[in-house]
Amino acid sequence: MIYLDHAATSPLCPEALEAMKPFLNENFYNPSSLYTPARAARTAVKEARETVASCIGAQPEEIVFTSGGTEGDNWAVKGMALAAMAGPSPRRIVTQGTEHHAVLRPCDSLKAQGFESVRLPVSRKGVLSPDTLKQALKTRTLLVSVMTANNETGTLQPVCELAEIAHAEGAFFHTDAVQAVGHIPLNMNIIPADLLTASAHKFGGPRGAGFLYIRRGVKLPPLLEGGGQEMGLRAGTENTAAIVGMAAALKKRTGDMAEEMFHKERLRGLLIDRLLRRGLEFVINSDDKHLPGLLNISFRDADGEMILHRLDLMGIQVSAGAACNSMSTEISHVIRAQNLPEKYAKGTIRVSFGPENTEDDAERLAEALGTIVVQPHHCACGKS
Ligand code: PLP
């Protein structure tokens with residue numbers, strides 16, 4: 001088996017598993033309980049918050065643990081809208097066409113509450129230009145939400161510049177950084193975002209855990225009310241094991257980041273080189289500034305889903321478009337927003353390398369693609 005779909009989810013890293021074990025077993029206590037053995041659980045949650053905060057240049061009280069990316073995105077968008085409904089703030093949210101559905105769908109559903117939801121166009125490689133945002137913000141806006149890195153293409157957005165523009169026009173700025181946290185350096189002392197979403201399973205932590213960064217001073221209404229956990233913002237007994245596992249994974253990924261970025265990007269380059277040598281005709285859908293190790297390519301006159309299934313039979317796992325939408329055979333909204341010509345769009349696959357992948361994995365994928373992708377002018381021997 002060659003797993004090349006780390007952007008869909010990643011294997012639990014050994015450090016996370018070890019950190020979680022005691023809290024799945026002997027230390028089952030409720031972190032809020034007052035007797036002595038519960039103190040270890042309480043301390044573990046506190047230390048996890050400190051670890052997560054230090055990995056992204058935040059303060060511990062700016063980190064609220066959630067169940068993952070979907071929750072964080074929904075909370076950021078709907079929460080800011082709810083706060084605005086109590087006062088004279090503008091009911092307008094600006095985002096862009098390649099956002100994850102966890103942002104787009106809440107924006108759409110807010111229309112029923114009288115909100116205007118604006119989706120800005122992106123370049124052929126999926127980048128939102130600062131000028132486009134500036135123009136869009138000539139109308140007063142509550143919130144701008146632009147992802148740090150796209151989950152299908154890996155394209156990075158100029159979030160620092162976009163957040164500055166949003167602030168200059170009086171809007172709040174949220175970024176979905178689900179694909180970026182643990183993969184590229186992020187420092188909240190440098191990125192002027194008000195809200196940032198992260199999800200543990202994308203960086204070697206467990207599924208069902210994540211966090212929302214809420215900058216000090218930003219008033220976001222509670223997501224869940226009840227026992228007052230998470231500084232009164234998200235009530236419910238903490239999932240200590242998941243929280244501790246997430247922190248351990250993020251610490252590991254942050255420590256190894258430079259090495260892992262280099263390694264994954266080298267495998268991506270190797271794969272592109274081998275595909276070119278085989279004479280395959282394809283386009284790359286990521287911008288030059290992209291997540292290390294993520295390659296979204298479209299083969300001319302091919303069928304991405306067929307490629308996925310043929311690779312699967314050969315024990316190689318990649319994705320055709322977004323895994324969160326894997327039951328759909330349609331061309332993804334991201335590829336559509338990037339205006340890819342139809343003769344390429346259908347032949348799109350996403351390959352996302354992880355730290356455990358090897359050069360041999362990239363070679364074997366290229367070899368497999370060489371036999372699967374049949375193009376009128378292409379011969380599997382590499383000669384066109
Ligand atoms: N945002 C992005 C960019 C994602 O890639 C994903 C998951 O694929 C999500 C949000 C949703 O995250 P989760 O699976 O943790 O709910």
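The structure contained in this document is the topic of the report that follows. What you see is a predicted model; the values in this text were computed from it and never measured.

1. Here we look at the packing of helix α9 (residues 304-313) against helix α12 (residues 359-372)
Running from N to C, α9 and α12 cross one another at 125 degrees; their axes reach a closest spacing of 10 Å. One way to sum up the angle between α9 and α12 is to call them oblique. Of the two elements, α9 crosses α12, and the hand of that crossing is right-handed. On α12, the residues touching M306, I307, R310 and L311 of α9 are L365, A368, L369 and I372.

2. Points about the pattern of salt bridges
Applying the stated rule across the entire model yields 21 salt bridges. Here D108 ties to R119 by a salt bridge, and the two come within 3.0 Å at their closest N and O atoms. Taken as a pair, D108 in helix α4 (residues 101-109) and R119 in strand β4 (residues 116-120) lie far apart in primary sequence, 11 residues in all. With relative accessibility at 41%, the residue R119 sits in the partly exposed group. For D256, the salt bridge identified is with K252, shortest N-O distance 2.6 Å. Judged by its relative accessible area of 22%, D256 is partly exposed. On the basis of relative accessible area, K252 is assigned to the partly exposed category, the value being 29%.

3. A look at the side chain of D194
Relative to the helices and strands, D194 is located in the loop between β6 (172-176) and β7 (195-199). At 2.7 Å, the side chain of D194 and the backbone nitrogen of F173 are in polar contact. In contact with D194, not counting residues within four places along its chain, are H167, F172, F173, Y213, I214, R215 and V218.

4. Topic: the state of the cysteines
Throughout the structure, instances matching the rule amount to 0 disulfides. Free of any disulfide, C13 has its nearest neighbouring cysteine sulfur in C55, separated by 12 Å. C55 provides the cysteine sulfur closest to C160, a residue in no disulfide bond, and the two sulfurs are 18 Å apart. Residue classification places C160 among the partly exposed positions, given a relative accessible area of 27%.

5. Re the site of the ligand
Neighbouring residues of the ligand: 14 residues in total, closest G69, T70, D176, S199 and K202. Take Q179: an N or O atom from its side chain is 2.8 Å from an oxygen atom of the ligand. Protein burial of the ligand: of its 390 Å² of free accessible surface, 89% is covered by the chains. Of the residues forming the shell around the ligand, the biggest block, 3 residues, is contributed by helix α3 (residues 69-85). Residue composition of the shell around the ligand, grouped by class: 3 nonpolar, 8 polar and 3 charged.

Thresholds, definitions, all that
Residues numbered from 1 in each chain as written. Predicted model: local features only at pLDDT ≥ 70, side-chain atom pairs only at ≥ 80, totals over all residues. Heavy atoms only, no water. Axes fitted to C-alpha atoms, helices over the stretch in contact; angles between N-to-C directions. Helix = DSSP H or I, 4+ residues; strand = E, 2+ residues; numbered from the N terminus. Parallel < 35°, antiparallel > 145°, perpendicular 65-115°, else oblique. Left-handed = near helix turned anticlockwise from the far one by under 90°. Contact = heavy atoms within 4.5 Å. Salt bridge = Lys/Arg side-chain N within 4 Å of Asp/Glu carboxyl O. Buried < 20%, exposed > 50% of the residue type's maximum accessible area, 1.4 Å probe, protein only. Polar contact = N/O pair within 3.5 Å; in protein donor to acceptor, adjacent residues only side chain to side chain. Disulfide = S-S within 2.5 Å. Near = heavy atom within 4 Å. Areas by Shrake-Rupley, 256 points an atom, 1.4 Å probe, with all protein chains shown as cover. Nonpolar A, V, L, I, M, F, W, Y, C, P; charged D, E, K, R; others polar.

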